[in-house]
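Report on the structure
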Amino acid sequence: MFEFLFKYPRTVFSRGEFVLLGGWPKWILFILLLAAAGGLAWLIRSKLPQASPHIRNWKAGAIWLLQFAMAALLLILLWQPAIMVAELRPQQNIIAVLVDDSRSMAIAENGATRESQAVKALDSGVLDQLQKKFQVRLYRADGRLTRIAKLDDLKTATPAPATRIGDGLNQLAGEEADLPIGAVVLLSDGADNSGGIDLDTISTFRSRRIPVHTVGFGAEQTPHDIEINDAVVAPRALADSRLAAKISFHQRGFGGQKSMLKVLDGQKILAAKEITFASDGQVQNETLLFNAGPAGSKTLQFTIDPLSVEENRTNNSVARLVNVESAKRRILYVEGEPRWEYKFIRRAEQDDRIVSIASMLRTSENKIYRQGIQDPKELADGFPSTVDELFDYQALIVGSVEVNYFTPAQQDLIQQFVDRRGGGLLLLGGRSSLGDGGWGVSKLADLLPVLLPNKKGTFHRDPATVELTSAGADSIITQLVEDPSKNAERWKKLPYLMDYQEAGTPKPGAVVLAEMNGGNRKLPLLVTQNYGRGRTAVLATSGTWRWQMSQPLEDQTHEQFWQQLLRWLVTDTPGRVVASVPSQMLFDDGRVRFSAEVRDKNYLPAADARVEAHILGPGGAAAQIEMTPDPNTPGTFHADWTADQPGSYLTEVTASRANEEVGRDVLTFARMDGIAENFHTEQNRDLLEKLSAQTGGRYWKPEELLRLPSEISYSEAGITVRDTKDLWNMPVIFLLILLLRSSEWLLRRKWGVV
Amino acid sequence: MRLLVPTSIVFLLMSMSTGLLALQRGGFQEDPYSAREARTYYENGDLKSEYAWSRLRYSSASNYGGYGFYGGGNWSRDYPKADRQFLIALKRLTRIQARPTEQVVTLDSDDIFNYPWVYAVQVQTWTFTDAEAKRLREYLLKGGFIMVDDFHGTTDWEHFMSGMLMVFPDRPIEDLSDKDELFHVLYDLSERFQVPGEQYVSTGRTYEKDGYVPAWRGIRDDNGRVMVAICYNMHLGDAWEWADDPRYPEKFASLAFRIGINYVMYGMTH
């Protein structure tokens, strides 16, 4: 329709430049236009008195307008309006046609697979038309780009598992850099599983002015589908501790309905939660809290129960790996005076088989009472003054101790303990704690997650009730009952604290997990933050022991809270060797990069260590590789490897220096084939439209494809010729003239002016 | 008119004896050191503290030496001077922030759970209702600690046990060895001897009734912690109370203080 009226396709007008071809200069045109306007106006005005009275108003102006428009149009036409546009020289340019050949294109919709739909669209004349005007190169795009001779070759090739449009385009830009490519036509569903197309690829095409025309296949929305987008869970945990997993998902077609979100370890359900779906397409986030169980490498399945009509059920569950460790953790607890909280904390921790507390208590002015020590020499000289001694622990608890109890060297050591060693630090409320102990003005004030108040007398022996914050609702530290929705209620029912301390204001990066009402004010109770490689927390009370003494004998709230808090404090404290991979789940591609951070006895980076990785795979496959140091970051080592088979892999990374072992770490990962393609099966129209818009092409639907050959000529890439197209003989101009004249005549007749 | 004088004399006598009776039954409401006033009696201005010496007022078995002739018998024996003196020593010798005045707790309310360390004397006279026994049992199992003192001889022991068995019918009572942590928390008390009451000054005897041999015994919980510390055949309360009497030997008072302080320290660390 557009082309019928305007003679040329829309692309011409959007890309082209409007010019006037007439020989005479343009200013004459302007003068003539003004003259026409003026002349007509004068003409009408002079005739006005003689005309009938009812025409002496705006109607005269309307007539003048129409006559002027007519005159202007004719004048412009005299100057030969035209449009200049770059057009590809036929037969001198190459059009690259890429057909996405990945597994997602094999999904059948309406009886035909996406790929066959693509082939059909090409076969229906588009390819022939293109071949008439240009040289056409056909490519198969999966992970790599392969040139094929004819469309039939697509059928014989095995489909690649994953879609990687970005890789394919990159390869095209790279390999065919010398060729005059006029345009690229990409037939795909856009379901890129490698994370999309990066800006580098797009800018390459833009700088070469190659437009990428994308043709989208596949339903843009599956009518009924639930899909889990991601599940995030900590890769390491201590045995028998709580884990929190954040799951995000979306659905179509089930808005308002309910289903169950579960996490399973093998067959065993660790936790289940009923979820209600929001509106279609909206991404929802839910948190699941569950027990990590005994030590070992676990594969956790996060699943949403499928609802009846759902076709694709494979994308209802994702797998994640967690390494549950059982190595013992030790905490050093320094207490300044005998207090009930001290005793009850020790009692709460005595049943924990993994975490143990070694404590030193100032019982009298010159005596320190030690408990939980492993041998008589431990802490015999008081608080550790050497790195060796202190860094042996994974966390530090400081009770009612004024900061100047620690010598400046010891204070530095504490700071290094958190920052460099990655340990945890917990400060409790008390007579000589926090603000009342000078912590706010010490050099350790930086470590704290709060800005302490600048006054004395912040510790009050008055009752304070407790309350969970919204951040605390999702935290593994503060979960006291299995059902998270009842947790806040449980917290409200806890006995009041025996005392409270004003802890000031939380710092911007800190998280307040619980608050208390003390002295008619709402104060932060439990504040945590990460610091350096470690973490710090403040519990602004020494009165939680009432949760033990004032609740029934069977109640385990106090024990549970302290065990969870202390486990949080130590779980992420790293050892001397920390091994990691960018992602523990490999989908269809076995390439993996191991990284290891190695520290020496003082927890300083050990750049001269010898690091090896021993890998055990499925079916007994084993490998041993040496890791090479990273030149930019001393103490970091890398190794690249490929997991050939799908399955679970276990890697042990050992580091040694001068024949002495520095440490070791265990890492698990898994390769899963054929899973990724079941996710994001909808046509990613967004991606395809962006790709074409940013490179100057257009997004096409398969039905519109027949127009492609004519429109594709208009491109600035390749070998082009600038063509000037006349506009004067556009049918629309003829129609316009007709319209102006006839409307003028009709109006005149209507108003009785001849 | 004739009967006025005898009636009024009789009336006077009756009211006096009733008053005496009430006094001996523990009606301390007017006593300046009474429990309620102790809580409001400021000495150093800081009433609230981490530790408060808590003396257990238990119900007495009515048919045994309840209101003994010696006056001030059973739970309030040596109260409050013994408590006060002990607190002075505690403050001087440890870093425990203790309230300078003592207080009395009972098993009738849940208030006792706010004071995880209690002291009871003359426990041969104690007895419990079911509710009281349950409360004491839970109190101890949850982390509380009780020190019992000043009961002597076999008869006293039997009566003590009848009360104790109401609380812990199944738990054995064991002798505490010299190596027990209780005797080494702050002071090392491997060598101990019998601490007599004030009667030593006049009689020269360290024992009372037929309690010739002192015994430090205890009841442990499932983790081996001593919850009930039993001081049998000794009178630590008197030693604290008469420590300032020049006739009362210093060595007894010293040991008594040390034992008490160790017990408090143990209760606050285990």
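Since this is a predicted model, take the numbers as computed values, not measurements.

Reading the values: the criteria
Residues numbered from 1 in each chain as written. Chains lettered and ligands numbered in written order. Predicted model: local features only at pLDDT ≥ 70, side-chain atom pairs only at ≥ 80, totals over all residues. Helix = DSSP H or I, 4+ residues; strand = E, 2+ residues; numbered from the N terminus. Buried ≥ 20, exposed ≤ 12 C-beta atoms within 10 Å, placed from the backbone. Contact = placed C-beta atoms within 7 Å. Rg over C-alpha atoms; globule rule 2.2 N^0.38 Å. Axes fitted to C-alpha atoms, helices over the stretch in contact; angles between N-to-C directions. Parallel < 35°, antiparallel > 145°, perpendicular 65-115°, else oblique. Domains from an automatic or database assignment. Pairing = 2+ DSSP bridges. Nonpolar A, V, L, I, M, F, W, Y, C, P; charged D, E, K, R; others polar. pLDDT = per-residue confidence, 0-100. Core = buried A, V, L, I, M, F, W, Y, C linked by C-beta atoms within 7 Å. Left-handed = near helix turned anticlockwise from the far one by under 90°. Expected span 1.5 Å × (residues − 1). Arc of directions from axis to C-beta.

1. Considerations on the overall build of chain B
Scanning chain B for helices and strands turns up eight helices and nine strands. Taking all 270 residues of chain B together, the buried fraction comes to 43%. Contacts in chain B between residues far apart in sequence, at least 24 positions, make up 76% of those at least 6 positions apart.

2. Observations concerning the overall build of chain A
Across its full length, chain A carries 18 helices and 40 strands. The C-alpha radius of gyration of chain A comes to 37 Å, more than 25% above the 27 Å expected for a compact globule of 754 residues. In terms of overall dimensions, chain A has a C-alpha envelope of 120 × 75 × 55 Å along the principal axes. Looking at the 754 residues of chain A, the share that counts as buried comes to 40%.

3. Re unusual backbone geometry
A cis amide bond links B:Tyr79 with the next residue in sequence, B:Pro80, at an omega value of -5°. Positive phi outside glycine occurs at A:Leu434, with the angle close to 45°. By the element assignment, A:Leu434 lies in the loop between strand S22 (424-428) and strand S23 (450-451).

4. A look at the packing of helix H9 (residues 340-349) of chain A against helix H15 (residues 557-571) of chain A
All names here are of chain A. The N-to-C vectors of H9 and H15 enclose an angle of 80°; their axes lie 8 Å apart at closest approach. By the angle class used here, H9 and H15 are roughly perpendicular. Along its contact with H9, which presents Phe-344, Ile-345, Ala-348 and Glu-349, the element H15 presents His-558, Glu-559, Trp-562, Gln-563 and Leu-566.

5. Considerations on the domain arrangement of chain A
By a widely used convention, the size of an interface equals the accessible area lost when the partners come together. When cut into domains, chain A gives domain 1 (2-85 + 724-751), domain 2 (90-220 + 682-718), domain 3 (225-325), domain 4 (329-571) and domain 5 (577-675). Of note, the centres of domain 4 of chain A and domain 5 of chain A, computed from C-alpha atoms alone, are 35 Å apart.

6. Observations regarding the sheet that holds strand S7 (residues 145-148) of chain A
What links the strands of a sheet is backbone hydrogen bonding, and the strands pair in either a parallel or an antiparallel sense. Residue and element names in this part refer to chain A. Taken together, six strands build an open sheet; the order of strands is S7-S6-S3-S8-S9-S39 and the sheet is mixed. Across the chains shown, the open sheet's two edge strands, defined by having one partner strand only, are S7 and strand S39 (699-700). Taken together, the two bridges between strand S9 (residues 212-216) and S39 define a ladder with parallel strand orientation. Pairing of Thr-214 across the sheet is with Tyr-699, part of S39.

7. Description of the interface of chain A and chain B
Facing the 23 residues of chain A at the interface are 21 residues of chain B. Secondary-structure elements contributing two or more residues to the side of chain A that touches chain B are H9, strand S19 (355-364), strand S20 (367-371) and helix H14 (546-549) of chain A. For the side of chain A that touches chain B, the leading source of residues is H9(A), giving five residues. Taken together, the residues of the side of chain A that touches chain B break down into eight nonpolar, six polar and nine charged.

8. Quick notes on the confidence of the model for chain B
Residues and elements named next belong to chain B. Taken residue by residue, chain B gives an average pLDDT of 85. The fraction at 70 or more is 84%. The low-confidence segment residues 25-46 (pLDDT under 50) makes 19 contacts with residues lying over four places distant or belonging to another chain. Every residue in residues 63-72 scores below 50 in pLDDT, and together they form 13 contacts with partners more than four places removed in sequence or on other chains. Two summary scores accompany this predicted model of the complex, namely pTM at 0.75 and ipTM at 0.83.

9. A word on the sheet that holds strand S2 (residues 81-88) of chain A
All names here are of chain A. Reading across from one edge, S1-S2-S40 is the order of the three strands in this open sheet, with antiparallel pairing throughout. Two strands lie at the open edges of the sheet, namely strand S1 (17-20) and strand S40 (720-726), each paired on one side alone. Across this sheet, the average inter-strand angle for adjacent strands is 35°, counted without regard to direction. Here seven bridges tie S2 to S40, and the two strands are oriented antiparallel to one another. Within S40, the residue paired with Met-84 across the bridge is Thr-724.

10. Side note on the pairing of S2(A)
For S1(A) and S2(A), the ladder comprises four bridges, and the chain directions are antiparallel. Directly across from A:Glu17, in S2(A), lies its bridge partner A:Met84.

11. Here's the deal with the nonpolar core
In this structure, A:Ile331, A:Val538, B:Ala120 and B:Ala256 are the most contacted members of the largest nonpolar core, which totals 167 residues. Leaving out residues up to four positions away in the same chain, B:Ala256 has contacts with B:Val195, B:Leu236, B:Ala239 and B:Trp240. Counting residues in each nonpolar core, the second largest holds 36 residues, with A:Leu98, A:Tyr139, A:Leu186 and A:Leu708 among its members.

12. Looking at the packing of helix H3 (residues 81-93) of chain B against helix H8 (residues 250-269) of chain B
Residue and element names in this part refer to chain B. In the contact formed by H3 and H8, the axes pass within 10 Å of each other and the chain directions differ by 70°. If you check the angle between H3 and H8, you find them roughly perpendicular. In this structure, H3 crosses over H8, and the sense of that crossing is right-handed. Between H3, through Phe-86, Ala-89, Leu-90 and Leu-93, and H8, the contact on the second element is made entirely by Phe-257, Gly-260, Ile-261 and Val-264. For the contact of H3 with H8, the class distribution of residues is seven nonpolar, one polar and no charged.

13. Let's talk about helix H18 (residues 731-751) of chain A
A rise of 1.5 Å per residue sets the reference length of H18(A), with its 21 residues, at 30 Å; its end C-alpha atoms lie 30 Å apart and thus fit the reference within 8%. Directly beyond the C-terminal end of H18(A), a positive phi value near 75° is found at A:Gly752.

14. A few points about helix H11 (residues 408-419) of chain A
Residues and elements named next belong to chain A. Helix length check: H11, at 12 residues, gives a terminal C-alpha distance of 16 Å against a target of 16 Å (1.5 Å per residue), a fit within 8%. Every buried residue of H11 is accounted for by Leu-413, Ile-414, Phe-417 and Val-418. All buried residues of H11 fall inside an arc of 130° around its axis, so they share one side. Across from the buried face of H11, at angles greater than 90 degrees, the exposed residues are Pro-408 and Ala-409. Packed against the buried residues of H11 are helix H10 (387-390), strand S21 (395-398), S22, strand S29 (521-531) and strand S30 (534-539).

15. Here's the deal with the environment of A:Lys26
Examined against the element boundaries, A:Lys26 turns out to sit in helix H3 (residues 26-47). Spatially, the C-alpha atom of A:Lys26 lies 79 Å from that of A:Ala237, the residues being 211 residues apart in sequence.

16. Remarks on the pairing of strand S6 (residues 145-149) of chain B
Residues and elements named next belong to chain B. Extensive coverage of S6 is indicated by the burial of five of its five residues. On S6, burial covers both faces: Phe-145, Met-147 and Asp-149 on one face and Ile-146 and Val-148 on the other are all buried. Sheet topology note: the strand S4 (residues 117-121)/S6 ladder contains five bridges and is parallel. Within the sheet, the bridge partner assigned to Trp-117 lies in S6 and is Phe-145. The pairing of S6 with strand S9 (residues 226-232) spans three bridges and is parallel. Residue Met-147 lies in a different strand from S9, and its bridge partner there is Ala-229.

17. Re the environment of B:Val228
Residues and elements named next belong to chain B. With respect to the secondary-structure elements, Val-228 resides in strand S9. Using a count of 22 C-beta atoms within 10 Å as the deciding quantity, one classes Val-228 as buried. Residues Val-228 and Gln-122, spaced 106 residues apart in sequence, show a C-alpha to C-alpha distance of 15 Å. Excluding residues within four positions of it along the chain, Val-228 makes contact with Leu-140, Ile-146, Val-148, Gly-218 and Ile-219.

18. Re the environment of A:Leu396
All names here are of chain A. Among the structural elements, Leu-396 can be located in strand S21. Since 23 C-beta atoms lie within 10 Å of it, Leu-396 is described here as buried. Sequence separation between Leu-396 and Ala-445 is 49 residues, and the spatial gap between their C-alpha atoms is 16 Å. The residues touching Leu-396, leaving out its near neighbours within four places in the chain, are Leu-332, Ile-414, Phe-417, Gly-423 and Leu-425.

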